[in-house]
Amino acid sequence: MGVTTELIRDLRVSALPFSATTELLVQWADERDRMRYFACVNAHSAETAHRDPSFMTALQEADLLVADGFGVILASKLLRGQIRERATGPDLFLAVSDALDKKGGRSVFYLGASDATLQKIRDEHNRRFPALAIAGTYAPPFRQTFAPDELQEMADLVNATKPDVLWIGLGAPKQEKWIAANRERLRVPLCGPVGAMFDYFAGNVPMPPRWIERAGLHWAYRLAKNPSRLWRRNLDSPLFLAHVLIDRVWNAHSRKSGEAGNQQNR
């Protein structure tokens with residue numbers, strides 16, 4: 001399946017609709033030729049990547065970047081692109097898990113959160129996806145970075161269970177950096193950094209109502225639930241759109257300069 005992408009803030013974001021994105025990820029989960037991973041991009045992560053080179057590299061090296069946030073859709077419109085559907089980590093997790101459950105004979109590994117949260121995830125997973133096996137779970141030590149031997153140990157633990165999908169809930173940008181650092185070690189068809197999904201699926205945090213999701217107000221819902229932790233990250237949204245507009249003006253100027261140069265050379 002070919003993937004049309006759009007360049008937004010130096011990131012190649014997929015323009016696939018949600019259903020096609022799910023189909024592609026399920027296809028990748030069935031292919032064991034190499035490890036592939038997707039990542040979700042929103043205004044905050046795009047701006048964070050411009051301040052964090054290793055995070056930028058992890059996003060740029062992903063096999064698929066999806067639009068997780070209304071800001072990316074608005075940016076696409078401003079740049080005359082075609083991205084019109086969001087693909088959040090929790091929604092992709094549910095859709096891919098449901099598809100694999102219907103196929104049968106597949107397994108997943110959960111890496112992240114705490115032992116208590118992972119137990120809740122096990123219980124909910126077995127209730128919702130009875131035909132999708134849990135290959136294993138692991139709660140890593142809570143720290144920002146891991147030593148090379150720790151990364152190797154985690155990769156070996158996952159590889160030994162041979163899952164079809166590795167779901168990672170370490171929070172951005174830590175989870176994307178973790179995948180990038182372990183890319184050559186992992187023998188898993190598909191890795192998905194899905195962050196907040198772990199707490200949602202475990203029931204630690206309530207999922208926002210569907211009307212809030214459809215209206216693109218997921219950010220406002222999360223901010224209202226946890227203002228002390230999330231208010232700063234929402235300041236990136238206007239900054240992101242301002243940079244997108246600057247990029248648009250600059251690209252238009254560059255095109256005109258190039259056209260003028262071509263005319264002079266004729």
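Residues numbered from 1 in each chain as written. Predicted model: local features only at pLDDT ≥ 70, side-chain atom pairs only at ≥ 80, totals over all residues. Heavy atoms only, no water.

What follows is about the packing of aromatic side chains. Under the criterion given, the structure shown has 7 aromatic pairs. Ring geometry for Phe 38 versus Trp 167: centroids 6.5 Å apart, planes at 75°, classification edge-to-face. Taken as a pair, Phe 38 in strand 3 (residues 36–41) and Trp 167 in strand 7 (residues 165–169) lie far apart in primary sequence, 129 residues in all. Across this residue pair, the class does not change: Phe 38 and Trp 167 are buried. Members of the aromatic cluster, connected to one another through ring pairs, are Phe 38, Phe 93, Tyr 110, Phe 129, Trp 167, Phe 198 and Phe 201. The ring centre of Phe 142 lies 5.5 Å from the NZ or CZ of Lys 174, which sits over that ring. (Phe/Tyr/Trp six-rings, centres within 6.5 Å; stacked < 30°, edge-to-face > 60°. Helix = DSSP H or I, 4+ residues; strand = E, 2+ residues; numbered from the N terminus. Buried < 20%, exposed > 50% of the residue type's maximum accessible area, 1.4 Å probe, protein only. Lys NZ or Arg CZ within 6 Å of the ring centre and 35° of its normal.)

Within helix 3 (residues 53–60), the full set of buried residues consists of Phe 55, Met 56, Ala 58 and Leu 59. Buried residues of helix 3 fall within an arc of 160° about the axis and therefore sit on the same side. Buried residues along helix 3 sit against strand 2 (11–14), strand 3, helix 2 (43–51), strand 4 (64–67) and helix 8 (174–182). (Arc of directions from axis to C-beta. Contact = heavy atoms within 4.5 Å.)

Among all residues except glycine, the phi angle is most often negative; among peptide bonds, the trans geometry is most common. Along the chain, Ala 172 connects to Pro 173 via a cis peptide bond; the corresponding omega equals 5°. Positionally, Pro 173 belongs in the loop between strand 7 and helix 8. One non-glycine residue, Arg 80, lies in the positive phi region at around 60°. Within the fold, Arg 80 resides in the loop between helix 4 (70–78) and helix 5 (89–103). Here Arg 80 falls in the exposed class, since its relative accessible area comes to 61%.

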